[in-house]
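Below are the chains, spelled out letter by letter.
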Amino acid sequence: MGLPFTRPIFSKKLKDGMKISLYPILFGGFVKLLGEETSEKSKNAFNRKNVWQRISVVVAGVTMNLLLAIFSFYFFLGLSGFKVVIPKFSDFKFTSPTVPAVAITAVLDESPAKRGGLLPGDIILNVDTKKFSSLSDFQKYVRNQAGKEVTFLVADTALSKEKKVTLIPRENPPKGEGPMGVGVGDALVISYISPQEKFYSGLSYTADMFGYNISVIGHFASSAIKEKSVEPLSESVSGPVGIASAVGSILDLGGIMALIQLFNLLGLLSLSLAFMNILPFPALDGGRLAFLLVEAFTGKKLSAGHENKVNQIGMIFLLGLIVLVSFSDVVKIISPFLR
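First things first, this report covers the structure right here in the doc.

### Some points on the packing of aromatic side chains
Taken as a whole, this structure holds 13 aromatic pairs when the rule is applied. Plain terms: the ring middles of Phe92 and Tyr212 are 6.3 Å apart, the flat faces sit at 55 degrees to each other, and that makes the pair tilted. Linking Phe92 in the loop between strand 3 (83–87) and strand 4 (98–107) with Tyr212 in helix 5 (residues 201–227), this pair joins segments that are 120 residues apart in sequence. Taking the centre distance of 5.7 Å and the plane angle of 80 degrees together, the rings of Phe210 and Phe275 count as edge-to-face. In this pair, Phe210 sits in helix 5 while Phe275 sits in helix 8 (residues 255–278), placing the two residues 65 residues apart along the sequence. For Phe210, a relative accessible area of 30% gives the class partly exposed. Linked through ring pairs, Phe132, Phe138, Tyr141 and Phe152 together constitute an aromatic cluster.

This is the structure:
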């Protein structure tokens, strides 16, 4: 555990030859296989195995990340009643059964929404029993009902409780506040109802989250290019500091809600690690896999020295990226206190 930039605090060699070490820079961890970076004569060394055995070892980590994500999501969905709300940031087509919804992101003081009892985080399932396929359709309907009484069917973020809220949208609201006086956003309710849907929910949800996260990152990257600013992309990623902060926020929820969201975070982190590690980038499992596939299909093996140099360059780049992302996380955390 930790990164090997210093001498280990603790190191012990076991009877079978495995050595366990603890380093002071607890910014991650690593597994170093015998013969992975040097030539070894031992029959158990990594470099002495055939190419397909080495490939199976390299992809084992990614496989375990995927399995951990699937099992974590099964627990998350089961504890959530097989109903989940996610914000809609892209037009990704989900394989899981979904229903469009509207999320309340903010409620202004002295507004009809405030007086009616709407809260930030509430999910509007329908209005006057009408469901809406888009946020713009919802907003258009509410504007057209200005001065009339409308009834909202609302659920909390966990979809565990529903309530009806009746209010009258304003005909002449203050500038920028809208008829209801709320901030709203597109959302999707993923709901597994039948026994078959629930049985496959962990698999389908994992596949959806994998594709959806790639789609969202692409959306933010496109926004960053259009705006000629890295801010949209930097706001969508986090490193170890941001993850620790997220865990702290989840634990503050307490009780069953904290447990549910911890399983969700564990699944998302495992899925992200699987995606990142399989990328064909030096120092990652995907980079090592690329070298092994070339060897498997050409019969030519890159020398250990050259491969190590390429991986060292990749590791330097990745560590630099981690430092930059962590700095951004720290800025996000302390910026509210500097205003």
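### What to know about the nonpolar core
Judged by nonpolar contacts, the single largest core of 19 residues is most densely connected at Leu118, Ile124, Val127, Phe138, Phe152, Leu167 and Met180. Breaking this core down by element, the ones donating at least two residues are strand 4, strand 5 (123–127), helix 3 (135–144), strand 6 (150–155) and strand 7 (162–167). Excluding residues that lie within four positions of it along the chain, Leu118 makes contacts with Val107, Ala113, Val154, Val165, Leu167 and Met180. In this structure, Ala69, Leu77, Val84 and Tyr212 belong to the second largest nonpolar core, which totals 18 residues.

### With respect to empty space enclosed by the protein
The rolling of a water-molecule-sized probe over the atoms marks out the regions of remaining empty space. All told, the structure shown has 2 cavities of 30 Å³ or more when counted by the stated rule. Estimates place the volume of the largest cavity at around 60 Å³. Elements with a minimum of two residues in the lining of the largest cavity: strand 4 and strand 8 (182–191). Taken together, the residues of the lining of the largest cavity break down into 7 nonpolar, 2 polar and 2 charged. Taken as a whole, the second largest cavity holds about 40 Å³ of empty space. In this structure, the second largest cavity is lined by Pro100, Ala101, Val102, Ile124, Leu125, Asn126, Val127, Lys130, Lys131, Phe132 and Phe138. Going through the elements one at a time, strand 4 and strand 5 are the ones with two or more residues in the lining of the second largest cavity. It is strand 5 that provides the largest number of residues to the lining of the second largest cavity, a total of 4 residues. Its residues placed into classes, the lining of the second largest cavity shows 8 nonpolar, 1 polar and 2 charged.

### Here's the deal with the side chain of Ser111
Among the secondary structure elements, Ser111 is positioned in the loop between strand 4 and helix 2 (112–116). With sequence-adjacent residues up to four places away left out, Ser111 is seen in contact with Arg170, Met180 and Gly181.

### Some words on the pattern of salt bridges
Within the structure shown, the criterion is met by 4 salt bridges. Here Arg54 makes a salt bridge to Glu295, at a shortest N to O gap of 2.8 Å. Note that Arg54 is positioned in helix 1 (residues 51–79) and Glu295 in helix 9 (residues 285–298), a separation of 241 residues in sequence. Residue Glu295 is classed as buried on the basis of its relative accessible area, which comes to 14%. With a shortest N-O distance of 3.6 Å, Lys163 and Asp122 are connected by a salt bridge. Here Lys163 is found in strand 7, whereas its partner Asp122 is found in the loop between helix 2 and strand 5, with 41 residues between them in sequence.

### Considerations on the packing of helix 1 against helix 9
Here helix 1 crosses helix 9 at 160 degrees, and the two axes come no closer than 10 Å. In terms of orientation, helix 1 and helix 9 fall into the roughly antiparallel class. Here helix 1 and helix 9 pass one another in a crossing that is left-handed. Residue-level inspection shows Val51, Trp52, Arg54, Ile55, Val58, Val59 and Val62 of helix 1 in contact with helix 9, the latter providing Asp285, Arg288, Leu289, Leu292, Leu293, Glu295, Ala296 and Phe297. Partitioning the contact of helix 1 with helix 9 into residue classes produces 11 nonpolar, no polar and 4 charged.

### Topic: helix 8
The end-to-end C-alpha distance of helix 8, which contains 24 residues, comes to 35 Å, matching closely the 34 Å that a straight helix rising 1.5 Å per residue would cover. Of all the residues in helix 8, the buried ones are Ala258, Ile260, Asn264, Leu265, Gly267, Ser270, Leu271, Ala274 and Asn277.

### Some words on the sheet that holds strand 4
Spatial ordering of the open sheet is given by 3-8-4-5-6-7, a layout of 6 strands whose pairing is antiparallel. Since the sheet does not close on itself, it has two edges, and those belong to strand 3 and strand 7, each with one partner. Across this sheet, the average inter-strand angle for adjacent strands is 40 degrees, counted without regard to direction. Judged from the 2 bridges that link them, strand 4 and strand 5 form a sheet pairing that is antiparallel. From the neighbouring strand, Val102 faces strand 5, where its bridge partner is Ile124.

### With respect to the packing of helix 1 against helix 5
Here helix 1 crosses helix 5 at 110 degrees, and the two axes come no closer than 8 Å. Judged on the interaxial angle alone, helix 5 and helix 1 are roughly perpendicular. As for how helix 1 packs across helix 5, the hand of that crossing is right-handed. Contacts between helix 1 and helix 5 involve Ala69, Ile70, Phe73, Tyr74, Phe76 and Leu77 from the former and Ser201, Gly202, Leu203, Tyr205, Thr206 and Met209 from the latter. Looking at side-chain class alone, the contact of helix 1 with helix 5 contains 9 nonpolar, 3 polar and no charged residues.

Calculation notes
- Residues numbered from 1 in each chain as written.
- Predicted model: local features only at pLDDT ≥ 70, side-chain atom pairs only at ≥ 80, totals over all residues.
- Heavy atoms only, no water.
- Phe/Tyr/Trp six-rings, centres within 6.5 Å; stacked < 30°, edge-to-face > 60°.
- Helix = DSSP H or I, 4+ residues; strand = E, 2+ residues; numbered from the N terminus.
- Buried < 20%, exposed > 50% of the residue type's maximum accessible area, 1.4 Å probe, protein only.
- Core = buried A, V, L, I, M, F, W, Y, C linked by side-chain atoms within 4.5 Å.
- Contact = heavy atoms within 4.5 Å.
- 1 Å grid on protein atoms, 1.4 Å probe; cavity = no way out; pocket = protein on both sides within 12 Å on 5 of 7 lines; lining within 4 Å.
- Points joined across faces, edges and corners; volume = space filled by probe spheres on them.
- Nonpolar A, V, L, I, M, F, W, Y, C, P; charged D, E, K, R; others polar.
- Salt bridge = Lys/Arg side-chain N within 4 Å of Asp/Glu carboxyl O.
- Axes fitted to C-alpha atoms, helices over the stretch in contact; angles between N-to-C directions.
- Parallel < 35°, antiparallel > 145°, perpendicular 65-115°, else oblique.
- Left-handed = near helix turned anticlockwise from the far one by under 90°.
- Expected span 1.5 Å × (residues − 1).
- Pairing = 2+ DSSP bridges.

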